[in-house]
Amino acid sequence: MIIFLYSIAAAAVLIYVPFLLVAYARVRIGYEMFSTPRALFDKLPPYAQRATWAHQNTFEAFMVFAAAALMAYVTGVNSFTAQVAAIAFVVARFLYSIFYILNIPLLRSLMFAIGILGCATLFFLSIIQATN
């Protein structure tokens, strides 16, 4: 199913969405590109610090999702449930970053859980498909 490949590509792009806010904040506080960019973290406004954390967490979640979606693709999983799981992951991770940046922990945690559930679903369906 091509949806798995598209969802991996979309999830890869989503890694950098929160970083756009970090870049904006760095420019506003006088970001020096070549000296010590990591030292600026403590000077960033809270929303940009949260955007940094969302960016980092999205890297971590992407690796698990890419493995799950590739397993589904390779094993030939072809079900509506798998498609929904892949799309749900991408949407949940997009909303995760938004809720993280806006500092809404309950909704952020809910989106994290939906993303993990999507990955678990893809892993489960792939294993079932491979053993049949």
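Residues numbered from 1 in each chain as written. Predicted model: local features only at pLDDT ≥ 70, side-chain atom pairs only at ≥ 80, totals over all residues. Heavy atoms only, no water.

An unreviewed UniProt entry lists the chain under the name MAPEG family protein, with Nostoc flagelliforme FACHB-838 as the source organism. UniProt annotates the chain under Subcellular location (unreviewed entry) with the comment "Membrane". (UniProt positions renumbered as here; feature names shortened; annotations may be inferred.)

*Asks:* So what's going on with the overall build of the chain? Residues and values would help.
*Replies:* From N to C terminus, the chain includes five helices and zero strands. Ordered by position from the N terminus, the helices and strands of the chain form the series α-α-α-α-α. With respect to the principal axes defined by its C-alpha atoms, the chain has extents near 60 × 30 × 20 Å. Here the chain holds 132 residues, and the buried ones make up 36% of them. A fraction of 76% describes how many contacts in the chain between residues 6 or more apart in sequence connect residues 24 or more apart. Summing over all exposed atoms, the chain offers an accessible surface of approximately 7700 Å²; the carbon and sulfur share of this is 72%. (Helix = DSSP H or I, 4+ residues; strand = E, 2+ residues; numbered from the N terminus. Buried < 20%, exposed > 50% of the residue type's maximum accessible area, 1.4 Å probe, protein only. Contact = heavy atoms within 4.5 Å. Areas by Shrake-Rupley, 256 points an atom, 1.4 Å probe, with all protein chains shown as cover.)

*Asks:* Give a description of a nonpolar patch on the surface that names residues and reports values.
*Replies:* A cluster of nonpolar residues, Leu102, Ile104, Leu107, Leu110 and Ile114, forms a patch on the protein surface that exposes about 380 Å² of accessible area. Relative to the assigned elements, Leu107 resides in helix α5 (residues 105-131). Residue class for Leu107 comes out partly exposed when judged on its relative accessible area of 32%. (Patch = residues over 30% accessible without salt bridge, like charges linked within 9 Å, V, L, I, M, F, W, Y side chains within 5 Å. Salt bridge = Lys/Arg side-chain N within 4 Å of Asp/Glu carboxyl O.)

*Asks:* Got a sec to walk through the UniProt feature "transmembrane region" (unreviewed entry) in the chain? Specific residues and values, please.
*Replies:* When the UniProt feature table is mapped to this numbering, "transmembrane region" (unreviewed entry) covers residues 6-25, 82-102 and 109-128. Annotated as residues 6-25, this span is 90% helix and 0% strand, and its ends, taken at the C-alpha atoms, are 30 Å apart. When the span residues 109-128 is considered, its composition is 100% helix and 0% strand, and the gap between its end C-alpha atoms is 28 Å.

*Asks:* Residues and numbers for helix α2 (residues 17-28), please.
*Replies:* If you check which residues of α2 are buried, you get Pro18, Val22, Ala25 and Arg26. Angular distribution of buried residues about the axis of α2 spans 100 degrees; they occupy a single face of the element. Of the residues in α2, the exposed ones pointing more than 90 degrees away from the buried face are Leu20, Val27 and Arg28. (Arc of directions from axis to C-beta.)

*Asks:* Explain the nonpolar core to me, using residue names and the numbers behind them.
*Replies:* By size, the foremost hydrophobic cluster in this structure holds 20 residues, and its most contacted members are Phe4, Phe62, Phe65, Ala69, Phe89 and Leu122. Secondary structure elements with two or more residues in this core: α1 (2-14), α3 (46-75), α4 (80-101) and α5. A per-element tally of this core places α3 first, with seven residues. Setting aside its immediate chain neighbours within four residues, Phe4 contacts Ala69, Ala72, Tyr73, Val77, Ala82, Gln83, Ala86 and Leu122. (Core = buried A, V, L, I, M, F, W, Y, C linked by side-chain atoms within 4.5 Å.)

*Asks:* Which residues make up α1, and what values do they have?
*Replies:* End to end, α1 covers 19 Å across 13 residues, agreeing with the expected 18 Å (1.5 Å per residue, within 8%). Every buried residue of α1 is listed here: Phe4, Ser7, Ile8, Ala11 and Leu14. Across the axial projection of α1, the buried residues extend over an arc of 120 degrees, all falling on one side. Among the exposed residues of α1, those oriented more than 90 degrees off its buried face are Ile2, Tyr6 and Val13. (Expected span 1.5 Å × (residues − 1).)

*Asks:* Give me unusual backbone geometry: which residues, what numbers.
*Replies:* With a phi close to 60 degrees, Asn103 is a non-glycine residue in the positive phi region. Residue placement: Asn103 occurs in the loop between α4 and α5. The class of Asn103 is partly exposed, set by a relative accessible area of 45%.

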